[in-house]
Amino acid sequence: MAMLEVNNINVYYGSIHAIKNISFEVNSGEIVTLIGANGAGKSTTLQTISGLLRSKTGSITFMGKNLGGIAAHKVVSMGIAHVPEGRRIFQQMTVEENIEMGAFTRPGNEYEQSVQNVFAHFPRLQERRKQIAGTLSGGEQQMLAMGRAMMSKPSLLMLDEPSMGLSPILVDEIFEIIKAFHDSGTTILLVEQNANKSLAISGRAYVLENGKIVLTGTGKELMQSEEIKKAYLGG
Amino acid sequence: MEFLSYLISGLSLGSVYAIIALGYTMVYGIAKMLNFAHGDVIMVGGYISYIAVSYMGLPGWVSVIAAMVVCTVLGVLIEGLAYKPLRAATSLAVLITAIGVSYFLQNSALLIWGANFKTYPSVISGTLNLFDNRLSIPYVSMLTVVVCIVIMVGLTLFTSKTKMGKAMRACSEDKGAAQLMGINVNRTISVTFAIGSALAAIAGVLLCSSFPILKPTTGSMPGIKAFTAAVFGGIGSIPGAFLGGLLLGVIESFAKAYISTQLANTVVFAVLIIVLLVRPAGLLGKYVPEKV
C-alpha cells in the first residue's frame, strides 16, 4: 500500500473545475514530482491533500487513513507538512518564532533537538534566529519555510515551488537540502516548474495539464520524453 | 493644580478606553473584523457587577470576577453563533452582523433590566488628597490606570512569550499558514474573543465606578471612543491601543475643561481625522502594502 493515495479527486473553485479526476500515489521513501505549467493545478492538489481545500469527489488516504473531512490543522499531526507556494512565513515574527510555530503540534521536550537538526541543515537560520523573518532574503525565507515544516517531524514533506524566484546557486542549494531531507528518511512530494532539476532527483513524476494528469513515468523517462523536452526543458 | 487634576481624570478615562480598545484591537488583529458589539459587552459587565453588589450583597472584587465570567461566556457565544458561520463571508456581512449583535444586546438589556437608570454602587470610594487638599485624586482613578498598565503589560507578555499568544500572532498574519503549522484557527479566534470580553467586563466595572449611571446604552459611546482609540493608535497593535486610549482620554478631558463640554467629542474626533490624514495606519500602526 502506498503512503499517500489520491483517488479520482475533483476540486472546484466556485464553478471552475480546477482538478479533474486526478489519481496518483506516493510510496514511502520516494521523491515524487508534479510538474506542469502555471494554472495546471499543482498547488491546488497539494492544498487539497493538506486540507486547506476540499475535494468534491474522490478520496485521499495517507498511511491507510482517509483524509476526507479532516481539518487542515489535524493533518499536520498525522505526519504531513506542507511548505506552501510563496513560502508564507510569518513575516512579522522572528526566525525562531517561525520555527517554534512549526513545532506547534509536537511535545515541548523534543524542541531543542529538532531545532538543532534544522540549524544543522540551515546554519544561516541559526545566525539570524532573532531577526524579523520579513527582513530575510528570498533564499533565506525559503530555507525558513522548509526548516519550519521539518519541525513537525513529517513522514511526508510537500514542497510547492521551492526554487521559485531564487538565483541558480540558491536553487542548487535548495535541491541539495531536499535530497538531504530525503536521505534522512522523509518522503517528498515536490511541485516544480524547474523540471530539469526536479526530474533529476525524482524517482517518479506526474505531468499535469489543465487539471489532468497527462503523463507519468520515472524521472529519467520523462527527462528523455520529446514532449517534456519541448514543453518544460527548453527544447 | 487644576491642570494636574484634568490630566489625571483624562488618564483615568483614557485607561478605560485603552482597556476596551485592547479588546477591539486583538479581535481585529486576529479575526480581521470590527466587533461593534464589544461596547455592549461592557454594559453587560456593568449590569452583572451591579446585580452582584446591589442585590446579592457580594463584595466588589467578587462582582468583578462574576462579570468577567459572564462576559467571557457571552463573548465566546457571540463569536460561535454569530460570527463563526460567516468566516468565509464578505467583511461587510460580518460588519452588519456585528451591528445587529450590538442592538440585540442593548435591547435584551432593556428587556431584562428596564429603561430606568441604575445607580452603580461605588465599589471603590475615597480620594487621595494632596497639597493641602488642593489636588484630590479618587482612588478609583488610580486603580483604573494601574489595572490598565497591568493588562497592557500582561497582554504584551502573553503574545510574545506564550505558545497560545504566538499562535494568535501567527493567525493574525496568515490563517492558512497557521493551519499548516497545526494551529486550530477557530479555537484561537474563540480564545481571542474570550480575552477581549473578559477585558470588556473589567472596563465595564471601572467605567461604572467612575461614571455611576448604568443603562442599556452605557457601553455604546465608550465602545465607539475605544474603537476610535484603537484606530488612532494603529488597529491591530497592542501598544497602539494603549497609547491611543490614553491620548484620547486626555484630549477629551482637556477639551471638556478648556474648550467646552459640548464640543469635547468634536475635538476628539477632529484630532482623530487629522492624525489619520497624516498617518493613515495610526500612530503605531504599520502600513503593510499588499503583496501581489
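Details of the structure are given in the entry above.
In this report, the structure presented in the accompanying data block is examined.

### Observations regarding the overall build of chain B
In step 1: Helices and strands together make up the secondary structure of chain B, namely 11 helices and four strands.
In step 2: Since a compact globule built from 292 residues should have a radius of gyration of about 19 Å, the 19 Å found for chain B is in line with a globular shape.
In step 3: Its C-alpha atoms give chain B principal-axis dimensions of about 65 × 45 × 35 Å.
In step 4: In chain B, buried positions account for 48% of the 292 residues.
In step 5: The contacts of chain B with a sequence gap of at least 6 include a subset with a gap of at least 24, amounting to 74%.
In step 6: When the accessible surface of chain B is totalled, it reaches about 13,200 Å², and 70% of it is carbon and sulfur.
In step 7: Distance between charge centres in chain B, computed from 17 positive and 8 negative side chains, equals 8 Å.

### With respect to the sheet that holds strand β1 (residues 4–13) of chain A
All names here are of chain A.
In step 1: Taken in spatial order, the four strands of this open sheet run β2-β1-β4-β5, and their pairing is antiparallel. Edge positions in the sheet fall to β2 (16–26) and β5 (65–66), since each of these pairs with one other strand and no more.
In step 2: Note that β1 and strand β4 (residues 57–62) share five bridges and pair antiparallel. Paired with L4 across the strands is F62, a residue of β4.
In step 3: Along the sheet, helix α1 (residues 42–49) contacts β1, β2 and β4; its crossing angle with β1, the most-contacted strand, is approximately 115°.

### A closer look at the pattern of salt bridges
In step 1: Under the definition given, this model contains 16 salt bridges over all chains.
In step 2: E100(A) is the salt-bridge partner of K166(B), the closest N and O atoms lying 2.4 Å from each other. Residue K166(B) is located in helix α6 (residues 163–173), and its partner E100(A) is located in helix α3 (residues 95–102); the two belong to separate chains.
In step 3: If you follow the salt bridges from partner to partner, you end up with E96(A), R129(A) and K130(A) in one network.

### Some words on the sheet that holds strand β10 (residues 212–218) of chain A
Residue and element names in this part refer to chain A.
In step 1: Overall, mixed pairing links the six strands, which are arranged β6-β7-β8-β3-β9-β10 in an open sheet. The strands lining the two open edges of the sheet, one partner per strand, are β6 (80–83) and β10. When the angles between neighbouring strand axes are averaged without regard to direction, this sheet yields 15°.
In step 2: Across the sheet, helix α6 (residues 138–150) lies against β6 and β7 (156–160), angled at about 170° from β6, the strand it touches most.

Criteria and cut-off values
- Residues numbered from 1 in each chain as written.
- Chains lettered and ligands numbered in written order.
- Predicted model: local features only at pLDDT ≥ 70, side-chain atom pairs only at ≥ 80, totals over all residues.
- Heavy atoms only, no water.
- Helix = DSSP H or I, 4+ residues; strand = E, 2+ residues; numbered from the N terminus.
- Rg over C-alpha atoms; globule rule 2.2 N^0.38 Å.
- Buried < 20%, exposed > 50% of the residue type's maximum accessible area, 1.4 Å probe, protein only.
- Contact = heavy atoms within 4.5 Å.
- Areas by Shrake-Rupley, 256 points an atom, 1.4 Å probe, with all protein chains shown as cover.
- Lys, Arg positive; Asp, Glu negative; His and termini not counted.
- Charge placed at Lys NZ, Arg CZ, Asp CG, Glu CD.
- Pairing = 2+ DSSP bridges.
- Axes fitted to C-alpha atoms, helices over the stretch in contact; angles between N-to-C directions.
- Salt bridge = Lys/Arg side-chain N within 4 Å of Asp/Glu carboxyl O.

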